[in-house]
Amino acid sequence: MGFPNKGENHLIGIKNEKDFVNAMNSQPNNTIIQELEKKNNSKIISFKHEGGTKQKKDASYSLENGKIKGVSLKNHSKGTFDYVNTTK
């Protein structure tokens, strides 16, 4: 079996990012949000899907104190390998 070459992995990744953002916005009392609010000492207002190839953040969240923080999201069980960012 060869590697997928029709963009399936990219599309699945984008869907995962959007699903995460929707889950965070629809379940504001979950453990992840509670921990982020504790860490930032501010209540989270909402999450937003960012995506794109020109930035590392896949999503962001807005805080009541006016700050916006970026989040990188990954959904994989065996790790990833990035040929662009390697010395091999």
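The paragraphs below set out a description of the structure included in this document. (Residues numbered from 1 in each chain as written. Predicted model: local features only at pLDDT ≥ 70, side-chain atom pairs only at ≥ 80, totals over all residues. Heavy atoms only, no water.)

1. Focus on the pairing of strand β2 (residues 59-63)
Part 1: Burial within β2 is extensive, with four of its five residues counted as buried.
Part 2: In the sheet, strand β1 (residues 44-49) pairs with β2 via five bridges, with the strands oriented antiparallel. Note on β2: the bridge partner recorded for Ser46 is Ser62.
Part 3: Pairing between β2 and strand β3 (residues 68-71): four bridges, direction antiparallel. Directly across from Tyr61, in β3, lies its bridge partner Lys69.
Part 4: Between β2 and the antiparallel strand that follows it, β3, lie four residues; Gly66 among them carries a positive phi value of about 95 degrees. (Buried < 20%, exposed > 50% of the residue type's maximum accessible area, 1.4 Å probe, protein only. Helix = DSSP H or I, 4+ residues; strand = E, 2+ residues; numbered from the N terminus. Pairing = 2+ DSSP bridges.)

2. Points about the packing of aromatic side chains
Part 1: Inspection of the entire model under this criterion finds two aromatic pairs.
Part 2: Plain terms: the ring middles of Phe47 and Tyr61 are 5.4 Å apart, the flat faces sit at 40 degrees to each other, and that makes the pair tilted. With Phe47 in strand β1 and Tyr61 in strand β2, this pair connects stretches of sequence that are 14 residues apart. The exposure classification of Phe47 matches that of Tyr61, with both residues buried.
Part 3: Clustering of aromatic rings is evident, with ring pairs tying together Phe20, Phe47 and Tyr61. (Phe/Tyr/Trp six-rings, centres within 6.5 Å; stacked < 30°, edge-to-face > 60°.)

These figures come from the coordinates and say nothing about function on their own.
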